[in-house]
Amino acid sequence: SFARMFVQVCLYFYCKCLWRCLKFVVRKLTGRCELQRICYNTKPGAARTMKIEASLKGSKSKRLQTSVSVHPDAIEKTIDDIMELKRINPDVNPQLGVSLQACLLQIVGYRNLIAEVEKLRREPYDSENPQHEEMLLKLWKCLKPDSPLKARISKQWCEIGFQGDDPKTDFRGMGLLGLYNLVYFAEWDTEIAQQVLSDSLQPKYSQFSKAEWEKKKFDKAIGYSFAIVGINITDLAYNLLVSGALKTHFYNVAPEAPTLTHFQQTFCYLMHEFHKFWIEEDPLDIMEFNRVREKFHKRILKQLQNPEMALCPHFAASESLMNM
């Protein structure tokens, strides 16, 4: 056991030294540092930004290592510091500074987005807070515009998938983040949100016609609680974000720093895709929810392993990048 550990440590340091020597040789041969080679040889998007991020984090220079966590306002100065440290003339390499700045905006923005999302997740729903109550009522109005809510505490909440008379108890796991996501889905993707809600209540044929259903040999479809699943999918999106899995998507759709809006658009996509996946899986009962969710999670993770993946490029926030 000790011998194996010793060999692994030696191998690690050997590979590390070998890699540094190799980078030194390549720089001498090409006249370009690793950052230059990445920016000049890799197209913009996740592939480039993730390579730049790995290069900076793996640098032996503390200044380069900490550049991925600077304040957004300090990015321009950080780029100047990097150019100076790497002895790169900005007048001879003007595009390099632009490319590095775009990458750092995404890297720093992703870290800040995690902090913003975490803050919302940790903030509990407060029924004494007028803003929280207003958002909750907006959720009802967007999903059930033709059915007025008779009372704040009401069995009607079960109609949109809450567990009891008062939805506030269902937000405990994800805090305000769950409510923010549900309201965004209902307000900005209203038609799809209303359709998914309707299908979750009466899912038998939903996206398939009766003939298609029979052809696919689905014998039934089990419904689910829309709001509870929305909070659960919020948890899935949160874990994808914190684990770094969503870097591929965000670095491809956000030309600069990814924002909370990008995260909420991703939630909308996940809700829509999970609904289709649930119907296709045709579970026997609601007790299979965790199995279906885990299978769906693995499928999304696999998609995000592709450096060119953009989960929902159709959203408006992504169009600016697509048109560049």
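Residues numbered from 1 in each chain as written. Predicted model: local features only at pLDDT ≥ 70, side-chain atom pairs only at ≥ 80, totals over all residues. Heavy atoms only, no water.

- As recorded in an unreviewed UniProt entry, the protein chain goes by ELMD1 protein and comes from Pampusana beccarii.

### Quick notes on the overall build of the protein chain
Argument step 1. Within the protein chain, the regular secondary structure consists of 15 helices and 0 strands.
Argument step 2. The 324 residues of the protein chain split such that 45% are buried.
Argument step 3. Here the analysis covers contacts within the protein chain between residues at least 6 apart in sequence; of these, 66% occur between residues at least 24 apart.
Argument step 4. In the form shown here, the protein chain has an accessible surface area of approximately 17,800 Å², with 56% of it arising from carbon and sulfur atoms. (Helix = DSSP H or I, 4+ residues; strand = E, 2+ residues; numbered from the N terminus. Buried < 20%, exposed > 50% of the residue type's maximum accessible area, 1.4 Å probe, protein only. Contact = heavy atoms within 4.5 Å. Areas by Shrake-Rupley, 256 points an atom, 1.4 Å probe, with all protein chains shown as cover.)

### Quick look at the nonpolar core
Argument step 1. Judged by nonpolar contacts, the single largest core of 83 residues is most densely connected at Ile52, Leu100, Leu139, Leu179, Phe263 and Leu270.
Argument step 2. By residue number, the principal contributor to this core is helix H13 (residues 260–281), which donates 11 residues.
Argument step 3. Both domains that meet at this core, namely domain 1 (32–121) and domain 2 (127–305), each give it at least three residues.
Argument step 4. Among all residues touching Ile52, those that are not within four sequence positions of it are Leu35, Ile38, Cys39, Leu100, Cys103 and Ile107. (Core = buried A, V, L, I, M, F, W, Y, C linked by side-chain atoms within 4.5 Å. Domains from an automatic or database assignment.)

### Some words on unusual backbone geometry
Argument step 1. Positive phi is not limited to glycine here, since Arg87 has a value of about 55°.
Argument step 2. Inspection of the secondary structure assignment puts Arg87 in the loop between helix H5 (75–85) and helix H6 (94–122).
Argument step 3. Despite not being glycine, Asp282 shows a phi value in the positive range, around 50°.
Argument step 4. Within the element layout of this structure, Asp282 appears in the loop between H13 and helix H14 (289–304).

### Concerning the confidence of the model for the protein chain
Argument step 1. Chain-level statistics for the protein chain give a pLDDT mean of 86 and a share of 83% at 70 or above.
Argument step 2. Considering only residues more than four positions removed or in separate chains, one finds that residues 25–29, a stretch of pLDDT under 50, has 7 contacts.
Argument step 3. Taken together, the stretch residues 316–324 has pLDDT below 50 and engages in 15 contacts with residues farther than four places along the chain or on a different chain. (pLDDT = per-residue confidence, 0-100.)

### Side note on the environment of Phe162
Argument step 1. Along the chain, Phe162 turns up in the loop between helix H7 (130–143) and helix H8 (175–188).
Argument step 2. The exposure class of Phe162 is buried, given its relative accessible area of 4%.
Argument step 3. For the pair Phe162 and Val229, spaced 67 residues apart in sequence, the C-alpha to C-alpha distance is 9.3 Å.
Argument step 4. Setting aside residues up to four positions removed in sequence, Phe162 forms contacts with Leu136, Leu139, Trp157, Pro167, Asp170, Phe171, Ala227 and Ile228.

### Focus on a nonpolar patch on the surface
Argument step 1. On the surface, a nonpolar cluster with roughly 370 Å² of combined accessible area is contributed by Phe2, Phe6 and Val7.
Argument step 2. When you line up the elements, Val7 lands in helix H1 (residues 2–30). (Patch = residues over 30% accessible without salt bridge, like charges linked within 9 Å, V, L, I, M, F, W, Y side chains within 5 Å. Salt bridge = Lys/Arg side-chain N within 4 Å of Asp/Glu carboxyl O.)

### Thoughts on the state of the cysteines
Argument step 1. In the structure shown here, the tally under the stated rule is 0 disulfides.
Argument step 2. Lacking any disulfide linkage, Cys103 is separated from the closest cysteine sulfur, that of Cys39, by 5.4 Å. (Disulfide = S-S within 2.5 Å.)

### Focus on the pattern of salt bridges
Argument step 1. Throughout the structure, instances matching the rule amount to 18 salt bridges.
Argument step 2. Glu288 is the partner of Arg291 in a salt bridge, and the nearest nitrogen-oxygen pair spans 2.7 Å.
Argument step 3. Taken together, the shared-partner salt bridges in this structure form one network comprising Glu281, Glu288, Arg291 and Lys295.

### Observations regarding H7
Argument step 1. Over its 14 residues, H7 runs 20 Å from end to end, which matches the ideal 20 Å to within 8%, given 1.5 Å per residue.
Argument step 2. His132, Glu133, Met135, Leu136, Leu139, Trp140, Cys142 and Leu143 are the residues of H7 that are buried.
Argument step 3. Of the residues that open H7, the one with a side-chain oxygen 2.9 Å from the backbone nitrogen of Gln131 is Asn129. (Expected span 1.5 Å × (residues − 1). Polar contact = N/O pair within 3.5 Å; in protein donor to acceptor, adjacent residues only side chain to side chain.)

### Some points on the environment of Glu159
Argument step 1. Within the secondary structure layout, Glu159 lies in the loop between H7 and H8.
Argument step 2. Taking the C-alpha atoms as reference points, Glu159 and Leu201, 42 residues apart in sequence, are found 8.3 Å from one another.
Argument step 3. If we ignore the near neighbours within four places in the chain, the residues touching Glu159 are Trp140, Lys144, Leu197 and Leu201.
Argument step 4. There is a polar contact of 3.3 Å between the side chain of Glu159 and the side chain of Lys144.

### Quick look at the packing of H6 against H8
Argument step 1. Where H6 meets H8, the closest approach of the two axes is 3 Å, and the angle between their N-to-C directions is 105°. By the angle class used here, H6 and H8 are roughly perpendicular. From H6, Val117, Leu120 and Arg121 reach across to H8, where they touch Gly175, Leu176, Leu177 and Tyr180.
Argument step 2. Among the residues making up the contact of H6 with H8, the classes are represented as 5 nonpolar, 1 polar and 1 charged. (Axes fitted to C-alpha atoms, helices over the stretch in contact; angles between N-to-C directions. Parallel < 35°, antiparallel > 145°, perpendicular 65-115°, else oblique. Nonpolar A, V, L, I, M, F, W, Y, C, P; charged D, E, K, R; others polar.)

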